[in-house]
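These are the residues of each chain, in order.
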Amino acid sequence: MSTIFGALTRVQPQIAAVAAAVGWEDGDLAHAPGEAMAAQRSEVDAFEALLGAVEAFQQDVAAATAQLAAAPAPLLKALEKCCGDSPAAWGPLVPQLKAQFDKAAAGLAGGANHTEAMHYLVHKCRAESEEVQSAFKARDAAWAPKVRCDKRASELTRRGGPHFLVAEKAARLKQQFEANEDFTRCTDEAAKAAGDFLERRWGMIGALLFELCKHHAAVLSGAQK
């Protein structure tokens, strides 16, 4: 352990200089830094935006289906009351119109199973995405203690700074070592969670696209019968 503490002591000036250069002294960034992690965050966020768009589509389609199914009833009732017994040539058009409305409703109902499947898939994908976001948050939470301990350890070698007892030096270096180890562990866990999730997202996107296409086909097929 003394070897580790000695090595940490020697690199304190470099750590402090880097932290000051990029503004990390207070650990107040929105997210812990790291280009690879930032790229993964961006891809996870993009996938979550896609889930939001699919969910909005599913909700809009479900609402529209309910509205379109109910919309013809008042019109047909009024037409039947006014024109049902009419001898005019256009009188038979009322039942024909009703038949067309029924076909359209059947087509929309045929797509309902697929909108429900979309809802299930979005819920499942969101649950997995939340696990990745939790790993990101754990890494972010480990960043501030790391920066704070790095800063406290850097004070040990500051020129013109206060004199520290051996016990205080050892305590600060131990805290720095543990904080850095915790941050490294959280970084590794977040990177693995994000990497595995991003690999699986293609299968998730494929399943969502399949249900979208099946919904469209079911609606058109029902309306054309």
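This is a predicted model, so every value here is computed, not measured.

Procedures and definitions
- Residues numbered from 1 in each chain as written.
- Predicted model: local features only at pLDDT ≥ 70, side-chain atom pairs only at ≥ 80, totals over all residues.
- Heavy atoms only, no water.
- Helix = DSSP H or I, 4+ residues; strand = E, 2+ residues; numbered from the N terminus.
- Buried < 20%, exposed > 50% of the residue type's maximum accessible area, 1.4 Å probe, protein only.
- Contact = heavy atoms within 4.5 Å.
- Areas by Shrake-Rupley, 256 points an atom, 1.4 Å probe, with all protein chains shown as cover.
- Core = buried A, V, L, I, M, F, W, Y, C linked by side-chain atoms within 4.5 Å.
- Axes fitted to C-alpha atoms, helices over the stretch in contact; angles between N-to-C directions.
- Parallel < 35°, antiparallel > 145°, perpendicular 65-115°, else oblique.
- Left-handed = near helix turned anticlockwise from the far one by under 90°.
- Expected span 1.5 Å × (residues − 1).
- Bend = angle between axes of the 7 residues up to and from the residue.
- Nonpolar A, V, L, I, M, F, W, Y, C, P; charged D, E, K, R; others polar.
- Phe/Tyr/Trp six-rings, centres within 6.5 Å; stacked < 30°, edge-to-face > 60°.
- pLDDT = per-residue confidence, 0-100.

Caption draft 1: Up close: the overall build of the chain. A count of helices and strands for the chain gives five helices and zero strands. Here the chain holds 225 residues, and the buried ones make up 31% of them. Considering only residue pairs separated by 6 or more positions, the chain has 85% of its internal contacts joining residues 24 or more positions apart. Of the roughly 13700 Å² of accessible surface on the chain, a fraction of 62% belongs to carbon and sulfur atoms.

Caption draft 2: View of the nonpolar core. V44, F47, L51, V132, F136, F197 and L208 are the most contacted members of the largest nonpolar core, which totals 19 residues. Contributing elements (two or more residues each) for this core: α2 (35-70), α4 (93-154) and α5 (166-224). Discounting residues that sit within four places of it in the chain, F136 has contacts with M37, Q40, R41, V44, A190 and A194.

Caption draft 3: Focus on the packing of helix α3 (residues 72-83) against α4. Axis separation between α3 and α4 bottoms out at 10 Å; the angle between their running directions is 165°. What the angle tells us is that α3 and α4 run roughly antiparallel. For the pair α3 and α4, the sense of crossing is left-handed. In contact with P72, L75, L76, L79, E80 and C83 of α3, α4 contributes V94, L97, K98 and F101.

Caption draft 4: A look at the environment of L209. Tracing the backbone through its elements, the reader meets L209 in helix α5. Note: C-alpha distance between L209 and V54 (155 residues apart in sequence) is 9.6 Å.

Caption draft 5: Looking closely at α4. The first and last C-alpha atoms of α4 sit 88 Å apart over 62 residues, in line with the 92 Å expected at 1.5 Å per residue. Remark: the principal bend of α4, roughly 30°, maps to A112.

Caption draft 6: Layout of the packing of α2 against α4. Two elements in contact, α2 and α4, have axes separated by 9 Å at closest approach and are oriented at 155°. As the angle between them shows, α2 and α4 are arranged roughly antiparallel. Of the two elements, α2 crosses α4, and the hand of that crossing is left-handed. Partitioned by chemical class, the residues of the contact of α2 with α4 number 14 nonpolar, eight polar and seven charged.

Caption draft 7: Focus on the side chain of K146. You can see K146 is positioned in helix α4. Filtering out sequence-adjacent residues up to four positions away, K146 remains in contact with A179, N180 and F183.

Caption draft 8: Main features of the packing of aromatic side chains. As enumerated under the stated definition, the model contains two aromatic pairs in all. A centroid spacing of 5.5 Å and a plane angle of 75° characterise the contact between F47 and F197, whose relative ring orientation is edge-to-face. Linking F47 in helix α2 with F197 in helix α5, this pair joins segments that are 150 residues apart in sequence. Classification of F47 as buried rests on a relative accessible area of 3%. Classification of F197 as buried rests on a relative accessible area of 0%.

Caption draft 9: Molecular detail of the confidence of the model for the chain. Of all residues in the chain, 81% have pLDDT values of 70 or greater, and the mean over the chain is 82. The least confident element of the chain, judged by mean pLDDT, is helix α1 (residues 2-22) at 43; the most confident is α5 at 91. Overall, residues 1-28 carries pLDDT values under 50, and its contacts beyond four positions in sequence, including any with other chains, amount to 36 contacts.

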